[in-house]
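Chain residues, written in single-letter form:
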Amino acid sequence: MRTAETGGKRGAEEYGLVGTCLLQVRVCDSGNIPPSLGNLSQLLMLNLANNNIAGVIPASLSNCSNIVILMLNDNLFSGNIPSSLGKLSNLRMLNLANLANNNITGVIPASLSNCSSLVVLNLGNNSLEGKLPHEFSRLSELYSLVIHSNNLNASLPHSMVNCSKLQVLDIGNNLFGGKIPTLIGNLLELRVLVLKENNLTGSIPLEIGQLKHLQIMLLSSNHIPASIPHTIVFLQAMSNESQNGFVLSTLRGGDLYRDGLDMDLKGTNRHYPYILSTLTSIDLSNNELEGEVPSNFGNLKGLRLLNLSMNNFNGAIPNSLGEMHQLESLDLSRNHFSGQVPIEIESLSSLGSLNLSNNNLSGRIPQGPYMTGFQASSYLGSPNLWGCPLPKNCSWPQFVPPQDSINKRKKISKYPCIEDQEPARESAPKCSACESQCA
């Protein structure tokens, strides 16, 4: 280890730790944690994050009985999580996430449930397998549970609903199956729910509408059937247009630990290093959802990102979506939506990404001032849809004249993209964007 630093009084007070027994290693090219480190019985915080430390996590760390914060993330550790860490009864934060290359393997030891003061448990991006221990229901102080990107399986333990203070639950990109527990509605403090990229098969429970603080719900890439529950419009945090932009953090002095998040945006995965309270998102894409989207879905006026693509939705796109003035990204592609594109979406001034492709939409594309920046790819795949920016029928739908009037047809030189059709009627709608493109 090249350098080691001990935190001072100011850092200790900032995180509620009295004294100077803080060890932080900032630069380490290689090496292991010496077992003798466990002899530091008065150590309160050990931060070895973002180094190149390899080897196993020594079981002797359990001898640091006063330790409150243990950060070993972003290293090269291998082997199992020592079950002896369950002896750390004062531990408030355990961060073993992002152990690249030789990742942590084995099961999550149930003994961690003995860390009754635990507030943050981050085991994400490892190679852990097996079940999520039902004993975790005893972690009554737990605020953030992040175990995404592992090989965990079985169903979600119903006992997790006993973690009544839980605000962040991220178990995405695992092998969890079964149904979403209806008792999830008891997690009344929940703000972030990430269940994406699993094997979930049950429908979205009605009780989801009880989560009045929920601002992010990512359920994409599962096998969720049935329709969207009508109770989804009761998510109050997504209904509030005026929100304070604070950062969700767990411990006092939020620069020590902030909950991050990976989300798909515009077809690419984007990492958010921290979660603002103003970030609101629903992603139900790539499931087996069907039926109509609730007509009052637009009640979620504070929603910024909405992705319902790659499902079996049908019926009309709700006009109420035009009331979601905070919406920045809307993806309804690859469904069976029919009818016209609601003219109400012309008023979505914040909308920067729109994808309505591969549906059964018809009629004219709305031509309001906030719609002119979208490409033809946003609308392709609906043969009866017309209007700019589609390359054909920019001004009026195709008109097939009677056989005896073929020789009387005129070409409209002003709009060469609609040649060989009847001249547009005076009442035909023409947008300046179309005219400038086709002229």
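Thresholds applied
- Residues numbered from 1 in each chain as written.
- Predicted model: local features only at pLDDT ≥ 70, side-chain atom pairs only at ≥ 80, totals over all residues.
- Heavy atoms only, no water.
- Helix = DSSP H or I, 4+ residues; strand = E, 2+ residues; numbered from the N terminus.
- Buried < 20%, exposed > 50% of the residue type's maximum accessible area, 1.4 Å probe, protein only.
- Contact = heavy atoms within 4.5 Å.
- Areas by Shrake-Rupley, 256 points an atom, 1.4 Å probe, with all protein chains shown as cover.
- pLDDT = per-residue confidence, 0-100.
- Pairing = 2+ DSSP bridges.
- Core = buried A, V, L, I, M, F, W, Y, C linked by side-chain atoms within 4.5 Å.
- 1 Å grid on protein atoms, 1.4 Å probe; cavity = no way out; pocket = protein on both sides within 12 Å on 5 of 7 lines; lining within 4 Å.
- Points joined across faces, edges and corners; volume = space filled by probe spheres on them.
- Nonpolar A, V, L, I, M, F, W, Y, C, P; charged D, E, K, R; others polar.
- Salt bridge = Lys/Arg side-chain N within 4 Å of Asp/Glu carboxyl O.
- Polar contact = N/O pair within 3.5 Å; in protein donor to acceptor, adjacent residues only side chain to side chain.
- Phe/Tyr/Trp six-rings, centres within 6.5 Å; stacked < 30°, edge-to-face > 60°.

## Looking at the overall build of the chain
1) Next: Of regular secondary structure, the chain possesses two helices and 27 strands.
2) Next: Buried positions account for 52% of the 439 residues belonging to the chain.
3) Next: In the chain, 54% of the contacts between residues at least 6 apart in sequence involve partners at least 24 apart.
4) Next: As displayed, the chain offers around 19,200 Å² of accessible surface, 47% of which is attributable to carbon and sulfur atoms.

## Points about the confidence of the model for the chain
1) Next: When pLDDT is averaged along the chain, the result is 81, and 76% of the positions lie at 70 or above.
2) Next: Counting interchain partners and residues more than four positions distant, the pLDDT-below-50 stretch residues 250-254 has 18 contacts.
3) Next: For residues 435-439, every residue scores under 50 in pLDDT, and the model assigns this stretch ten contacts once sequence neighbours within four places are set aside.

## Description of the sheet that holds strand 27 (residues 384-386)
1) Next: With parallel pairing, five strands are arranged side by side in an open sheet as 20-22-24-26-27. Sheet topology places strand 20 (290-291) and strand 27 at the edges, where each strand pairs with a single neighbour.
2) Next: As paired elements, strand 22 (residues 312-316) and strand 24 (residues 336-339) share three bridges and run parallel to each other. Bridge pairing in strand 24 links N314 to H336.

## Let's talk about the nonpolar core
1) Next: The biggest cluster of nonpolar side chains holds 92 residues, and the ones touching the most others in it are M217, I282 and F297.
2) Next: Of all hydrophobic cores here, the second largest spans 21 residues; its members include L44, V146, M263 and L279.

## Some details on empty space enclosed by the protein
Using a probe with the size of a water molecule, rolled over the atoms, empty space left in the structure can be pinpointed.
1) Next: Scanning the entire structure with this criterion turns up one cavity of 30 Å³ or more.
2) Next: Counted as a void, the largest cavity has a volume near 120 Å³.
3) Next: Residue lining of the largest cavity: L132, L156, P157, H158, M160, V161, L166, L169, I171, P181, I184 and L187, and that is the complete set.
4) Next: Grouping the amino acids of the lining of the largest cavity by side-chain chemistry returns eleven nonpolar, one polar and no charged.

## Some words on unusual backbone geometry
Most of the time, phi is negative for any residue but glycine, and the peptide bond is trans.
1) Next: Put simply, C388 and P389 share a cis peptide bond, and its omega is 15 degrees.
2) Next: The topology assignment puts P389 in the loop between strand 27 and helix 2 (432-438).
3) Next: The backbone of N50 shows a phi angle near 60 degrees, a positive value even though the residue is not glycine.
4) Next: Within the secondary structure, N50 sits in the loop between strand 3 (45-47) and strand 4 (54-55).
5) Next: When its relative accessible area of 54% is taken as the criterion, N50 is described as exposed.
6) Next: Its identity as a non-glycine residue notwithstanding, M310 has a phi of 55 degrees, on the positive side.
7) Next: In this structure, M310 sits in the loop between strand 21 (305-307) and strand 22.

## Re the pattern of salt bridges
1) Next: With the rule as written, the count across this model stands at three salt bridges.
2) Next: The closest approach of N and O atoms between K165 and E141, which form a salt bridge, is 2.9 Å. Pair noted here: K165 is in the loop between strand 11 (151-152) and strand 12 (168-170) and E141 is in the loop between strand 9 (129-130) and strand 10 (144-146), with a separation of 24 residues, a long-range link.
3) Next: The exposure class of E141 is partly exposed, given its relative accessible area of 33%.
4) Next: Measuring nitrogen to oxygen at the nearest pair gives 3.4 Å for the salt bridge that ties K301 to E323.

## Thoughts on the environment of M93
1) Next: Inspection of the secondary structure assignment puts M93 in strand 7 (residues 93-95).
2) Next: The exposure class of M93 is buried, given its relative accessible area of 0%.
3) Next: Linking M93 and L121, residues 28 residues apart in sequence, is a C-alpha distance of 6.1 Å.

## Concerning the environment of I216
1) Next: Tracing the chain through its elements places I216 in strand 16 (residues 216-218).
2) Next: When its relative accessible area of 0% is taken as the criterion, I216 is described as buried.
3) Next: For I216, the residues in contact, after removing those within four places along its chain, are R191, V192, L193, M238, L261, M263, I275, L279 and S281.

## Examining the pairing of strand 22
Note on strand geometry: in a regular strand, side chains alternate between the two faces of the sheet.
1) Next: Alignment of strand 20 against strand 22, held across two bridges, turns out to be parallel. The residue of strand 22 that forms the bridge with E290 is N312.

## Quick word on the side chain of N222
1) Next: Inspection of the secondary structure assignment puts N222 in the loop between strand 16 and strand 17 (261-265).
2) Next: A distance of 3.4 Å separates a polar side-chain atom of N222 from the backbone nitrogen of N199.
3) Next: Side-chain polar atoms of N222 contact the backbone nitrogen of L200, separated by 3.0 Å.
4) Next: Aside from chain neighbours lying at most four places away, what touches N222 is L195, K196, E197, N198, N199, L200, N286 and N287.

## Some thoughts on the side chain of N359
1) Next: By the element assignment, N359 lies in the loop between strand 25 (353-355) and strand 26 (360-364).
2) Next: The buried category is assigned to N359, whose relative accessible area is 2%.
3) Next: From its side chain, N359 meets the backbone nitrogen of F337 in a polar contact 3.1 Å long.
4) Next: Of note is the side chain of N359, whose polar atom sits 3.0 Å from the backbone oxygen of L356.
5) Next: Excluding residues that lie within four positions of it along the chain, N359 makes contacts with L332, S333, R334, N335, H336, F337, G381 and S382.

## Some words on the packing of aromatic side chains
1) Next: Counted by the stated rule, this structure contains one aromatic pair.
2) Next: Residues F313 and F337 carry aromatic rings whose centres are separated by 6.1 Å and whose planes lie at 20 degrees to one another, so their mutual orientation is stacked. In this pair, F313 is assigned in strand 22 and F337 in strand 24, connecting sequence segments 24 residues apart. A single burial state applies to F313 and to F337, both of which are buried.

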